[in-house]
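As a plain string of letters, each chain reads:
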Amino acid sequence: MNPVTEDRAPEPLTEYAHRLTRRVRAFDRRHPLLWDLHITGFWVTAALIDYAGGGWRHNAHNLDVPGWLLLTLSLGLAVPLLWRRTHPRAVLAAMALFALVNAWTGAALQAALLQLAVVYHIALRRALRNLWWATALVIAPVLVSVARHGEGTWDQQVGSQLMSITVAALIGITVRTRRNHTEALEDRARRLETERDQQAQLATAAERARIAREMHDIIGHNLSVITGLADGGRYAAAKSPERAAQALDAIATTSRQALTELRRLLDVMREEEQNGQADLTPQPGLTDLDQLLDGVRSAGLPVHTTIHGSPTLPPGRQLTVYRVIQEALTNTLKHAGPDATAQIELSYEDKGAVTLTITDTGTGSRTDGPAPGGRGLPGMRERTALYGGTLEAGPRPHPEQGWRVRLHLPEENPQ
């Protein structure tokens, strides 16, 4: 059978080993000194057992080494391990002195091998160039032992020690590389999480701005229409009750339309729905333009339209044209004054290009920019910029009176 790679559940023993390793590492991070005391205490105990039990005699070149010196060497080679992680270079230098005395006297204590643990920590925590002099310090006692006691050949003793140093250094480098890789992955995960949160905040801010524009368009336009109808109904109430009643009916209709649009917009803002999704409603388009114009005309503003070509715009461009017309007519209702008229000229071109010009004959006062804190003109410019278009708004050229808004959306770029 061909080997097939598949996901397998970890073996119970392997899973237990991984869990135990994670716990040990977590304990080490929380209590580094306590862990170092345990490790150092273990090796000090082993060195004292080797000294007290006479095990050192099996490898010694000189059996007449004084007991006090053996005890000093055992402690000098084991106790410095307590600082192996914080000051590995100083620890190795201190242990090298005891290792030289150990080799010169011929005691040959096995505790001298603990220098390899310090070499591991140098490879793990310090620049790798430190391994050169660390190797020299560890090799020096071997050279002294061979020169003084002459046991074994030079290549055997030095080669064996070099192999041990290489293995310890390679283990330290491997652990260091893996640790750096893990830290890099964790840092990348943190940065990705931060970027994700920032993107979510930016998306939220953009959505809030879009909703604010939509609410401005809905509330501002409909309230302007209602205000115009109310003013007209007030003047007509004394002379023509029927006209006043028509104005009240138009006010009621416009109010209901505004409430309906607001409910739809607020439904989109709701975080949770019973079915888990928001109630999405299509945005207005050019098919709703007649209804918009009827509401403006009923508010007392005559609007004349001239359309060239056939509308073949996608929904996004339709919404832009619709909102620009809505905002322009709303401003005319607010500022144009009595007896004003509006003219809309809409030209559809090829490949989604469109040119819109809205003029009025108003005599009311306006400014060349948006009102402080207003969203009308900035909202129109933002919508236009989405499609690379241009928007011009300002007074008509002298001697003509009124205001002009001109929108041009270029051809759509093929995707």
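Model, not experiment: these values are computed from the prediction. (Residues numbered from 1 in each chain as written. Predicted model: local features only at pLDDT ≥ 70, side-chain atom pairs only at ≥ 80, totals over all residues. Heavy atoms only, no water.)

## Topic: the overall build of the protein
How we decide: The helix and strand labels rest on DSSP assignments: H or I over at least four residues marks a helix, E over at least two residues marks a strand, and numbering proceeds from the N terminus. Any two residues whose heavy atoms approach within 4.5 Å at even a single point are treated as in contact.
Of the regular secondary structure elements, the protein holds eleven helices and five strands. Taking contacts inside the protein between residues at least 6 apart in sequence as the whole, the part at least 24 apart equals 69%.

## Comments concerning helix H4 (residues 88-105)
What counts is decided by this rule: Under the convention used throughout, the expected extent of a helix is 1.5 Å for every residue step, that is, one less than its residue count. Whether a residue is buried, partly exposed or exposed follows from its accessible area with a 1.4 Å probe, protein chains only, as a fraction of its type maximum: under 20%, in between, or over 50%, in that order.
End to end, H4 covers 26 Å across 18 residues, agreeing with the expected 26 Å (1.5 Å per residue, within 8%). Three or more residues of H4 are buried, namely Pro 88, Val 91, Leu 92, Met 95, Ala 96, Ala 99, Asn 102, Ala 103 and Thr 105. Tucked into the core, H4 has its buried residues touching helix H3 (67-78), helix H5 (115-125) and helix H6 (130-149).

## Digging into unusual backbone geometry
The backbone of Ala 108 sits at a positive phi, close to 55°, despite the residue not being glycine. Within the fold, Ala 108 resides in the loop between H4 and H5.

## So, the nonpolar core
Operational definition: Nonpolar cores were defined as sets of buried Ala, Val, Leu, Ile, Met, Phe, Trp, Tyr and Cys residues, with membership established by side-chain atoms within 4.5 Å.
Membership of the largest hydrophobic core comes to 30 residues, with the highest contact counts inside it found for Val 303, Val 321, Ile 325, Leu 329, Ile 344, Leu 356 and Ile 358. Taken together, the elements giving at least two residues each to this core come down to helix H9 (289-298), helix H10 (315-335), strand E2 (342-348), strand E3 (354-360), helix H11 (376-385) and strand E5 (403-409). Looking at which element gives the most residues to this core, the answer is H10, with six residues. Those residues in contact with Ile 344 that sit more than four places away from it in its chain are Leu 293, Val 303, His 304, Thr 305, Thr 306, Ile 325, Leu 329, Leu 356, Thr 357 and Ile 358. In this structure, Ala 78, Met 95, Ala 111 and Ala 134 belong to the second largest nonpolar core, which totals 27 residues.

## Structural notes on the pattern of salt bridges
For the record, the criterion: Here a salt bridge means any side-chain nitrogen of Lys or Arg lying within 4 Å of a carboxyl oxygen belonging to Asp or Glu.
Throughout the structure, instances matching the rule amount to six salt bridges. Arg 85 is paired through a salt bridge with Asp 36; the nearest N and O atoms lie 2.9 Å apart. On the criterion of sequence distance, the pair formed by Arg 85 in the loop between H3 and H4 and Asp 36 in helix H2 (residues 32-52) is long-range, its members being 49 residues apart. Neither residue differs from the other here; Arg 85 and Asp 36 are each classed as buried. The residue Arg 297 makes a salt bridge to Asp 294 at a minimum N-O spacing of 3.6 Å. Of this pair, Arg 297 and Asp 294 are both found in helix H9, three residues apart, which corresponds to roughly one turn of the helix. Each of the salt bridges in this network shares a partner with another, and the network as a whole consists of Asp 36, Arg 84 and Arg 85.

## Points about a nonpolar patch on the surface
Where we set the bar: A patch consists of residues whose relative accessible area exceeds 30% and which take part in no salt bridge; residues with like charges are grouped when within 9 Å of each other, and nonpolar side chains (Val, Leu, Ile, Met, Phe, Trp, Tyr) when within 5 Å. With residues, only the protein chains shown are counted as cover, and all accessible areas are computed by Shrake-Rupley using a 1.4 Å probe.
On the surface, Leu 48, Leu 71, Leu 75, Val 79 and Trp 83 cluster together to form a nonpolar patch covering roughly 380 Å² of accessible area. Positionally, Leu 75 belongs in helix H3.

## Section: the sheet that holds E2
What counts, and what does not: One bridge is not enough; two strands pair if DSSP finds at least two bridges between them. Here an axis means a line fitted to C-alpha atoms, over the contact stretch when the element is a helix, while the angle between two N-to-C directions is reported on a 0 to 180 degree scale.
Spatial ordering of the open sheet is given by E1-E2-E3-E5-E4, a layout of five strands whose pairing is mixed. Of all strands in the sheet, those bounded by a partner on one side alone are strand E1 (303-308) and strand E4 (390-395). Across the sheet, the axes of successive neighbouring strands diverge by a mean angle of 10°, strand direction being ignored. Bridging between E1 and E2 involves six bridges; their strand directions are parallel. Residue pairing across strands places Val 303 opposite Ala 342, the latter belonging to E2. Against the sheet, H9 engages E1 and E2, with an angle of about 155° to E1. Sitting on the sheet, H10 touches E1, E2, E3, E4 and E5, and the angle it makes with E3 is about 10°.

## Here's the deal with the packing of H9 against H10
Heads up, the condition is: Convention used here: angles under 35 degrees read as roughly parallel, angles over 145 as roughly antiparallel, angles from 65 to 115 as roughly perpendicular, and any remaining angle as oblique.
Contact pair H9 / H10: the axes reach a minimum separation of 11 Å and the direction vectors enclose 0°. Here H9 lies roughly parallel to H10, going by the angle between them. Judged by residue contacts, Leu 289, Leu 292, Leu 293 and Val 296 of H9 engage Tyr 322, Ile 325, Gln 326, Leu 329 and Leu 333 from H10.

## Quick word on the environment of Arg 297
Basically, it comes down to this: In protein, a polar contact means a hydrogen-donor-capable atom and an acceptor-capable atom, both N or O and within 3.5 Å, with residues adjacent in sequence counting only if both atoms are side-chain atoms; elsewhere, any N or O pair within 3.5 Å suffices.
Classification of Arg 297 by relative accessible area gives partly exposed; the value is 35%. Arg 297 sits 45 residues away from Ala 342 along the chain, and the two C-alpha atoms are 9.9 Å apart. Sequence-distant contacts of Arg 297, defined by excluding residues within four places in its chain, comprise Val 303 and Thr 305. Side-chain polar atoms of Arg 297 contact the backbone oxygen of Val 303, separated by 2.9 Å.

## Quick word on the pairing of E5
Regular strands show a simple pattern: their side chains alternate between the two faces of the sheet. Burial along E5 is one-sided: Trp 403, Val 405, Leu 407 and Leu 409 are buried, and none of Arg 404, Arg 406 and His 408, which face the opposite way, are. Sheet analysis places E3 next to E5, joined by six bridges and oriented antiparallel. Among the inter-strand pairings, Thr 357 is bridged to a residue of E5, identified as Arg 406. Alignment of E4 against E5, held across six bridges, turns out to be antiparallel. Paired with Leu 391 across the bridge in E5 is Leu 407.

## Points about the side chain of Ser 74
Positionally, Ser 74 belongs in helix H3. Judged by relative accessible area, Ser 74 falls into the buried class, the value being 2%. Polar side-chain contacts of Ser 74 include one of 2.8 Å to the backbone oxygen of Leu 70. Here Ser 74 is in contact with Ala 47, Tyr 51 and Leu 109, once residues within four sequence places are set aside.

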